[in-house]
Amino acid sequence: MKLVPIDRGFEEWDALLSLILASFAYMHLRIDPPSSALRLTRQSLKQKAETEKAYAAVENGHVVGCIFCKPEPPACLYIGKLAVAPDSQGRGVGRMLLQAAEGCAVEYGLSCLRLETRIELEENHRLFARWGFVRTAEASHPGFTRPTFIEMRKAL
């Protein structure tokens, strides 16, 4: 397995979109509001890659994971659209992508990683906690009076 940058030279946009949709599919009946992943298109992914640093995990010519990273000065690197193909989960792909994000944060001179995960997805909270993230806040999407997601951070 190797990591490749998702940049202007990246050509697997359809595979990337399919990967994100497949890896987020399990949550559709569990979360409200719906995931922003459902609004992604090939074009919006290209635009996202122009403003964020992103990586794809590729194995045997197939995209099996991805991560998008956006600096949030003064201290954090925001992690978004961390996705691992369902049949590749549990094999270290997510950890490898997060290690790339840590390297990216160091490159930018940032001291922490930050991510958001839906309040209902407690298995994700536990996984990120095992990877060194700490719950730092709860918040709501616009129009909601109850918390809909949590923020987690990992100090580097």
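Residues numbered from 1 in each chain as written. Predicted model: local features only at pLDDT ≥ 70, side-chain atom pairs only at ≥ 80, totals over all residues. Heavy atoms only, no water.

Identification of the protein as GNAT family N-acetyltransferase from Rhizobium herbae is taken from an unreviewed UniProt entry.

Caption draft 1: Expanded view of the state of the cysteines. The final tally for this structure, using the stated rule, is one disulfide. Between the sulfur of C76 and that of C112 lies a disulfide, 2.1 Å long from S to S. With C76 in strand β4 (residues 76–84) and C112 in strand β5 (residues 112–118), this residue pair connects regions lying 36 residues apart in the sequence. Here the two residues C76 and C112 agree in accessibility, since each one is buried. Lacking any disulfide linkage, C66 is separated from the closest cysteine sulfur, that of C69, by 10 Å. In this structure C69 is not part of a disulfide, and its nearest cysteine sulfur, from C104, lies 4.8 Å away. (Disulfide = S-S within 2.5 Å. Helix = DSSP H or I, 4+ residues; strand = E, 2+ residues; numbered from the N terminus. Buried < 20%, exposed > 50% of the residue type's maximum accessible area, 1.4 Å probe, protein only.)

Caption draft 2: Region of the structure containing the packing of aromatic side chains. Tallied over the full model, the rule gives three aromatic pairs. With a centroid separation of 5.9 Å and an interplanar angle of 65°, the aromatic rings of F128 and W131 are classed as edge-to-face. The exposure class of W131 is buried, given its relative accessible area of 14%. With a centroid separation of 5.8 Å and an interplanar angle of 65°, the aromatic rings of F128 and F133 are classed as edge-to-face. For the pair F128 and F133, one class covers both residues: buried. In this structure an aromatic cluster arises from ring pairing among F128, W131 and F133. (Phe/Tyr/Trp six-rings, centres within 6.5 Å; stacked < 30°, edge-to-face > 60°.)

Caption draft 3: Geometry of the nonpolar core. Counting 25 residues, the largest nonpolar core has I67, L77 and I79 as the members making the most contacts within it. Elements supplying a minimum of two residues to this core: β2 (53–59), β3 (62–72), β4, α3 (93–108), β5 and β7 (149–155). Looking at this core, the element that brings in the most residues is α3, giving seven residues. Excluding its chain neighbours within four sequence positions, the residues that come into contact with L77 are C69, K70, P71, A101, C104, A105, Y108, L110, C112, L113 and R114. F10, L17, L45 and A85 belong to the second-largest nonpolar core, a separate cluster that totals 24 residues. (Core = buried A, V, L, I, M, F, W, Y, C linked by side-chain atoms within 4.5 Å. Contact = heavy atoms within 4.5 Å.)

Caption draft 4: Highlighting the UniProt feature "domain: N-acetyltransferase" (unreviewed entry) in the protein. When the UniProt feature table is mapped onto this chain numbering, "domain: N-acetyltransferase" (unreviewed entry) sits at residues 1–156. Note that residues 1–156 is 30% helix and 33% strand, and that its end C-alpha atoms are spaced 25 Å apart. (UniProt positions renumbered as here; feature names shortened; annotations may be inferred.)

Caption draft 5: Up close: the side chain of K81. Within the secondary structure, K81 is located in strand β4. Buried charge K81 goes without a salt bridge, the closest partner of opposite sign being E116 at 8.6 Å. Here K81 is in contact with I20, F24, S36, A37, L40, K48, C66, I67 and F68, once residues within four sequence places are set aside. (Lys, Arg positive; Asp, Glu negative; His and termini not counted. Salt bridge = Lys/Arg side-chain N within 4 Å of Asp/Glu carboxyl O.)

Caption draft 6: Quick look at the side chain of K154. Counting through the fold element by element, K154 comes out in strand β7. With relative accessibility at 17%, the residue K154 sits in the buried group. Residues within four places of K154 in sequence aside, it is in contact with E102, S111, C112, L113, W131, G132 and F133.

Caption draft 7: Structural context of the pairing of β4. Of all the nine residues making up β4, nine are buried; the element is thus mostly covered by neighbouring parts of the structure. Where β3 lies against β4, seven bridges are found, and the strand directions are antiparallel. Residue pairing for β4: P71 is matched across the bridge by L77. When β4 meets β5, the two strands line up parallel, connected through four bridges. Paired with I79 across the bridge in β5 is L115. For the crossover that starts at β4, traverses α3 and ends in the parallel β5, the hand is right-handed. (Pairing = 2+ DSSP bridges. Right-handed = clockwise from strand over helix to strand, strands pointing away.)

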